[in-house]
Amino acid sequence: MAEKQISLPAKLINGGIAGIIGVTCVFPIDLTKTRLQNQRTGQQIYKSIWDCLGKTIRSEGYFGMYRGAAVNLTLVTPEKAIKLAANDFFRHHLSKDGKKLTLVKEMLAGCGAGTCQVIITTPMEMLKIQLQDAGRLASCQKAATGIQSLSQSTKHLNPIPVLSRAYNVGPTLVTQKMSATQIASELLRTEGVKGLYRGLGATLLRDVPFSVIYFPLFSNLNKLGMSSADEKAPFLHSFFAGCVAGSTAAVAVNPCDVIKTRLQSLNKGASEEAYSGIIDCARKIWVKEGPSAFLKGSGCRALVIAPLFGIAQVVYFLGVGEAVVEFAQFSSFTSQ
């Protein structure tokens, strides 16, 4: 019997839809994760996830929790599409001998997926982090000097003032905010394309192990809900399998995510050190903040990734993309 061919357009559609829905649902927690990870010992503006969310709403308004969401929503479709489609592609070709995929082959497929996605993930994260962390930097500046404008602590970018309200006072006038487009233009002007790919090594260090853990774990958990090899797992089973696999992988690679976030943050607080690379960053965090610093934001990452990949896998396995492709083909056939 011929092997069932995967439909790449359908997989791309599934990944894109899942990414948009997932990011919209969990973006405020992702913003919290970035701000908690960038806090240094002795300079904590936020005490916990809920404290960060509360202060963000009070200082920046409800939509302040979605600062940076536009760039994420724009690029998450190709990012998630590449990740999910690449994993399917590698699994399909690694199983061409007709045998069941071994754990090693499942991990290889995940490794390939994680490697492919960084072409989109790195610039997306780079731009998103600048916008997400701007509120924390403004708060640090206000606490240190009583001035709401950010200090120019980087040669790359102009300050990105974001606070429209202090935590306990009324609205105040601030200067023009910078958008992701302006930040990208400035980076391209000063550093070229490599400016957008700052932290590429750290992104690979995070995303490849994540995919190596996530995809095999999800596949095996999902199989537990299948009554036979030819049937799909129930809706809720796929959802919870995605949640468990995603949160497990997210916490496992959180130290790499902390390093990536620090390296990609162009603007620094007045006393926040810069890093020359992955090893230098890891060493300084270990020495100055202790091993526990590598787990900063791990709870947020679990809360972000669990529903994100739960939603992604449900959309993926419901076959929304397949239905769209079939409808398009049917419409094309009937119009001839």
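The shown structure was predicted, so the numbers you read here are calculated from the model rather than taken from an experiment.

Draft legend 1. A look at the confidence of the model for the protein. Averaged over all residues, the pLDDT of the protein equals 79, while 83% of them reach at least 70. Per-residue pLDDT stays below 50 along residues 147-155; that stretch engages in 23 contacts with residues further than four places along the chain or on separate chains. Of the regions scoring below 50 in pLDDT, residues 158-175 engages in 51 contacts with residues more than four places distant in sequence or in other chains.

Draft legend 2. Structural context of helix α9 (residues 254-264). Of all the eleven residues making up α9, ten are buried; the element is thus mostly covered by neighbouring parts of the structure. The complete set of buried residues in α9 reads N254, C256, D257, V258, I259, K260, T261, R262, L263 and Q264.

Draft legend 3. Spotlight on empty space enclosed by the protein. With the rule as written, the count across this model stands at two cavities of 30 Å³ or more. Considering only enclosed or pocket space, the largest cavity measures out at about 320 Å³ in volume. What lines the largest cavity is a set of 23 residues, and nearest its centre among them are K80, E125, R206, I305 and L308. For the lining of the largest cavity, the elements supplying multiple residues, two or more each, are α1 (8-38), α3 (69-94), α4 (103-145), α7 (200-223) and α11 (298-318).

Draft legend 4. Molecular detail of a nonpolar patch on the surface. A cluster of nonpolar side chains, contributed by F235, L236, F240, L318, V320 and V324, occupies part of the molecular surface with about 560 Å² of accessible area. For the nonpolar patch, the secondary-structure elements that each account for two or more residues are α8 (235-252) and α12 (320-335). By residue number, the principal contributor to the nonpolar patch is α8, which donates three residues. Mapped onto the secondary structure, V320 falls in helix α12.

Draft legend 5. Just α3, in detail. The end-to-end C-alpha distance of α3, which contains 26 residues, comes to 36 Å, matching closely the 38 Å that a straight helix rising 1.5 Å per residue would cover. The largest bend in α3 is about 45°, located at V76, with the proline P78 one to four residues further on.

Draft legend 6. Structural context of the environment of V118. Inspection of the secondary structure assignment puts V118 in helix α4. V118 sits in the buried class, given a relative accessible area of 7%. Here the alpha-carbon distance between V118 and G201, two residues 83 residues apart in the chain, equals 9.5 Å. Beyond its immediate chain neighbours, meaning those up to four positions away, V118 contacts P123, Y197, L200, T203, L204 and D207.

Draft legend 7. Region of the structure containing the environment of N267. The topology assignment puts N267 in the loop between α9 and α10 (278-289). The exposure class assigned to N267 is buried, which follows from its relative accessible area of 6%. For the pair N267 and Q130, spaced 137 residues apart in sequence, the C-alpha to C-alpha distance is 7.4 Å.

Cut-offs applied
Residues numbered from 1 in each chain as written. Predicted model: local features only at pLDDT ≥ 70, side-chain atom pairs only at ≥ 80, totals over all residues. Heavy atoms only, no water. pLDDT = per-residue confidence, 0-100. Contact = heavy atoms within 4.5 Å. Buried < 20%, exposed > 50% of the residue type's maximum accessible area, 1.4 Å probe, protein only. Helix = DSSP H or I, 4+ residues; strand = E, 2+ residues; numbered from the N terminus. 1 Å grid on protein atoms, 1.4 Å probe; cavity = no way out; pocket = protein on both sides within 12 Å on 5 of 7 lines; lining within 4 Å. Points joined across faces, edges and corners; volume = space filled by probe spheres on them. Patch = residues over 30% accessible without salt bridge, like charges linked within 9 Å, V, L, I, M, F, W, Y side chains within 5 Å. Areas by Shrake-Rupley, 256 points an atom, 1.4 Å probe, with all protein chains shown as cover. Salt bridge = Lys/Arg side-chain N within 4 Å of Asp/Glu carboxyl O. Expected span 1.5 Å × (residues − 1). Bend = angle between axes of the 7 residues up to and from the residue.

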